[in-house]
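# Fold and contact review
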Amino acid sequence: MRRDHRPYWMHALWERFENAWTGHFLAPHFEALGEEPKIVRPWNVEVFGPNVRAGRNIHIVSRKDQPVTFTVWSPGDTPGEIEIGDCCFFAGGVRILAGGSIRIGDACLVAKSATITDSDWHGLYNRIDPRPESKPVRIGNNVWIGDGAFVGKGVTIGDNAVIGARSVVTGDVPANEVWAGIPARKVKALDPDGPFQTRLDMLEQPEEVERFFDQAYRDVLKGNSTLGWLRSKIWPRRGD
């Protein structure tokens, strides 16, 4: 479809359904989940293992073919953890895999199909060890990790850094730098004084953001009807 044919009431009802699903079925799997999460298709988000914590205003966009997973492998006396700051965004297909500790700062953007892991999960010689070696991963504030990028064990990424699409990061990335490639290398320096605009700025007053998007949907869906939506599903026309 070239445009959204739903009437506004259908969009609003769908949002309430997603929010209710998040609160009832998904939130209990987190050790802690901050206020005002916005999760698109929360039934495609999997939280496995203990000690997964996320701050306020987390935003996740998932699809059936692009689930988002937060996994902590915690056998016996070696508890792992995933800690996510405020106002972070995760696109479809993202995988966060912790055998030890992964900490992600505030206002981070993690694009489609990116992977962050603190372990190789198997040794070169011992491939059946139930407690494989892990090294902590630390990701600073306002970090942007591009489409399909891989961040490996022991990596620290500084504030405001950008990781290019499909990059493989195996070493530390300083703050305010753009890295890309396989393996990732510095390609550009950012002005540390910015000024940077982050998701923290956007969501500083979440009620105003909610009103803005609600009005935007009202404007976009204005004039749509239930019968028109049904017609577009049953008898689609060129131009729909």
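Residues numbered from 1 in each chain as written. Predicted model: local features only at pLDDT ≥ 70, side-chain atom pairs only at ≥ 80, totals over all residues. Heavy atoms only, no water.

## Thoughts on the sheet that holds strand E14 (residues 144–145)
Our working rule: A strand pair is defined by DSSP finding two or more bridges across the two strands. A helix here means a DSSP run of H or I that spans at least four residues, while a strand means a run of E at least two residues long, and both kinds are numbered starting from the N terminus.
Taken together, eight strands build an open sheet; the order of strands is E2-E5-E8-E11-E14-E17-E19-E20 and the sheet is mixed. The open sheet has two edge strands with one neighbour each: strand E2 (38–40) and strand E20 (185–189). In the sheet, E2 pairs with strand E5 (residues 59–61) via three bridges, with the strands oriented parallel. Bridging across to E5, Lys-38 finds its partner in His-59.

## Digging into the pattern of salt bridges
Convention followed: We count a salt bridge whenever a side-chain nitrogen from Lys or Arg sits within 4 Å of a carboxyl oxygen from Asp or Glu.
Applying the stated criterion across every chain yields a total of 13 salt bridges. One salt bridge in this structure joins Glu-18 and Lys-38, with 3.5 Å as the shortest N-O distance. Of this pair, Glu-18 sits in helix H1 (residues 8–26) while Lys-38 sits in strand E2; the two residues are 20 residues apart in sequence, bridging distant segments of the chain. Among the salt bridges present, the one from Glu-83 reaches Arg-53, with a minimum N-O distance of 3.6 Å. With Glu-83 in strand E7 (residues 81–84) and Arg-53 in strand E4 (residues 52–54), the pair connects residues that are 30 residues apart, well separated along the chain.

## Regarding the side chain of Arg-199
What counts is decided by this rule: A 1.4 Å probe rolled over the protein chains alone gives each residue an accessible area, and that area as a share of the maximum for its type sets the label: buried under 20%, exposed over 50%, partly exposed in between. Under this rule, positive means Lys or Arg and negative means Asp or Glu; His and the chain ends count for nothing. Within 3.5 Å is the distance limit for a polar contact, defined as a pair of N or O atoms, with the added protein rule that one can donate a hydrogen and the other accept it, and that residues adjacent in sequence qualify only through two side-chain atoms. By definition in these notes, contact holds between two residues if any of their heavy atoms fall within 4.5 Å.
Mapping Arg-199 onto the fold places it in helix H2 (residues 199–202). The side chain of Arg-199 sits in the buried core without any salt bridge; Asp-106 is the nearest counter-charge, 11 Å away. A polar contact of 3.0 Å, which involves the side chain of Arg-199, links it to the backbone oxygen of Cys-87. Non-local contacts of Arg-199, meaning those with residues more than four positions away in its chain, are made with Asn-57, His-59, Cys-87, Cys-88, Phe-89, Ala-107, Cys-108 and Leu-109.

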